[in-house]
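# Secondary and tertiary structure notes
Chain residues, written in single-letter form:
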Amino acid sequence: MSLPLSRLSVADVARHAQRSGLVARISDSTVWRWLHEDATRPWQHRCWIFPRDPHFQAKAGRILDLYERRWQGRPLREDEYVISADEKTSIQARLRIHPSLPTGPGETMRVEHEYARGGAWAYLAALDVHRAKVFGRCEATTGIAPFERLVDQVMSQPPYDTARRVFWVMDNGSSHRGETSVRRL
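Residues numbered from 1 in each chain as written. Predicted model: local features only at pLDDT ≥ 70, side-chain atom pairs only at ≥ 80, totals over all residues. Heavy atoms only, no water.

### Looking at the packing of aromatic side chains
Enumeration according to the criterion identifies five aromatic pairs in this entry. Centre to centre, the rings of Phe147 and Trp168 are 6.3 Å apart; their planes meet at 75 degrees, and the pair counts as edge-to-face. A residue pair is termed long-range when its members are at least 10 positions apart, and Phe147 in helix 4 (residues 144–155) and Trp168 in strand 6 (residues 165–169) qualify at 21 residues. With a relative accessible area of 16%, Trp168 lands in the buried category. Among the aromatic residues, those joined into a cluster by ring pairs are Tyr81, Phe135 and Tyr160. (Phe/Tyr/Trp six-rings, centres within 6.5 Å; stacked < 30°, edge-to-face > 60°. Helix = DSSP H or I, 4+ residues; strand = E, 2+ residues; numbered from the N terminus. Buried < 20%, exposed > 50% of the residue type's maximum accessible area, 1.4 Å probe, protein only.)

Listed below in structure tokens is the structure:
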């Protein structure tokens with residue numbers, strides 16, 4: 001058989017087992033049960049990225065420590081916060097052609113499926129990882145200025161505006177990468 005196992009149905013596997021002489025007869029449900037109970041499942045896979053940075057463990061350790069409310073081996077104080085930020089680009093804004101109709105006695109809410117395109121937006125979000133507080137904003141694009149507006153949105157309100165320290169955890173996006181970004185923050 002030339003197809004990989006992941007492309008076969010349970011019925012295909014049962015027929016193949018019978019044609020190849022492995023069994024005289026076998027039901028689809030028996031094949032499914034055997035495959036389901038087996039510890040090795042070659043048809044299942046999960047993608048992952050091999051860390052290429054030789055300092056990955058140390059860098060990841062600093063982030064994991066912050067999530068555990070620790071920095072450089074010491075517990076964070078009550079007036080120190082950890083914010084995790086990211087941005088989602090190219091979100092399609094859809095404008096419903098007709099308004100949604102509310103629920104009523106014996107009726108579910110109805111949402112019209114037709115829409116007009118409203119362009120693409122970027123969503124920038126920040127999460128206080130210990131207080132479960134989310135901050136978000138839509139912007140026409142990503143970049144330094146939109147990211148700085150997110151930072152201002154968070155840092156201009158209590159308790160962050162008077163905090164001893166606020167740690168920002170983010171990826172290597174171009175709007176918040178390198179020493180220039182550190183100086184801006």
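There is more to say, and it comes next.
### Some thoughts on the sheet that holds strand 6
Strands sit in the order 5-4-3-6 across an open sheet of four strands; the sheet is mixed. In this open sheet, the two strands that pair with only one neighbour each are strand 5 (133–139) and strand 6. Between one strand axis and the next, the sheet turns through 30 degrees on average, direction left out of account. This element, helix 3 (residues 56–67), spans strand 3 (80–96) and strand 6 of the sheet and lies at about 130 degrees to strand 6. (Pairing = 2+ DSSP bridges. Axes fitted to C-alpha atoms, helices over the stretch in contact; angles between N-to-C directions. Contact = heavy atoms within 4.5 Å.)

### Some words on a nonpolar patch on the surface
Together, Ile91, Trp121, Tyr123, Leu127 and Val134 line one region of the surface with nonpolar side chains, adding up to about 420 Å² of accessible area. Per-element accounting of the nonpolar patch gives the leading share, three residues, to strand 4 (residues 115–128). In this fold, Tyr123 is placed in strand 4. Exposure remark for Tyr123: the relative accessible area of 32% places this residue in the partly exposed category. (Patch = residues over 30% accessible without salt bridge, like charges linked within 9 Å, V, L, I, M, F, W, Y side chains within 5 Å. Areas by Shrake-Rupley, 256 points an atom, 1.4 Å probe, with all protein chains shown as cover. Salt bridge = Lys/Arg side-chain N within 4 Å of Asp/Glu carboxyl O.)

### Observations concerning the packing of helix 1 (residues 10–19) against helix 2 (residues 28–37)
Taken N-terminus to C-terminus, the directions of helix 1 and helix 2 make an angle of 105 degrees; their axes are 8 Å apart at the nearest point. The orientation of helix 1 relative to helix 2 falls into the category roughly perpendicular. Between helix 1 and helix 2, the residues in contact are Val10, Ala11, Val13 and Ala14 and Asp28, Val31 and Trp32, respectively. Grouping the amino acids of the contact of helix 1 with helix 2 by side-chain chemistry returns six nonpolar, no polar and one charged. (Parallel < 35°, antiparallel > 145°, perpendicular 65-115°, else oblique. Nonpolar A, V, L, I, M, F, W, Y, C, P; charged D, E, K, R; others polar.)

### Quick look at unusual backbone geometry
Going from Pro158 to Pro159, the amide bond is cis rather than trans, its omega being 0 degrees. Relative to the elements of secondary structure, Pro159 occurs in the loop between helix 4 and strand 6. Even without being glycine, Ser90 reaches a positive phi, approximately 55 degrees.

### Describing the nonpolar core
Of all hydrophobic cores here, the largest spans 15 residues; its most connected members are Ile83, Ala126, Phe147, Val154, Tyr160, Val166 and Trp168. Ranked by residues supplied to this core, first place goes to helix 4 with four residues. Apart from residues no more than four positions distant in its own chain, Val166 is found in contact with Tyr81, Ile83, Met155 and Tyr160. Counting residues in hydrophobic clusters, the runner-up holds five residues, among them Leu66, Leu76, Val82 and Phe167. (Core = buried A, V, L, I, M, F, W, Y, C linked by side-chain atoms within 4.5 Å.)

### Quick look at helix 3
For helix 3, which comprises 12 residues, the first-to-last C-alpha distance of 17 Å matches the rise-based estimate of 16 Å (1.5 Å per residue) to within 8%. The positive-phi residue at the C-terminal boundary of helix 3 is Arg69, with phi of around 65 degrees. (Expected span 1.5 Å × (residues − 1).)

### Looking at the pairing of strand 5
Note: strand 4 against strand 5, seven bridges, orientation antiparallel. Looking at strand 5, one finds that Leu127 is bridged to Val134. Taking the residues between adjacent antiparallel strands as the criterion, strand 4 and strand 5 are bridged by four residues, where Ala132 takes a positive phi near 55 degrees.

### Considerations on the pairing of strand 4
In this sheet, strand 4 lies alongside strand 3 in antiparallel orientation, the contact comprising 11 bridges. By the bridge assignment for strand 4, Arg96 is matched with Tyr115.

Read these as geometric descriptors, not functional statements.
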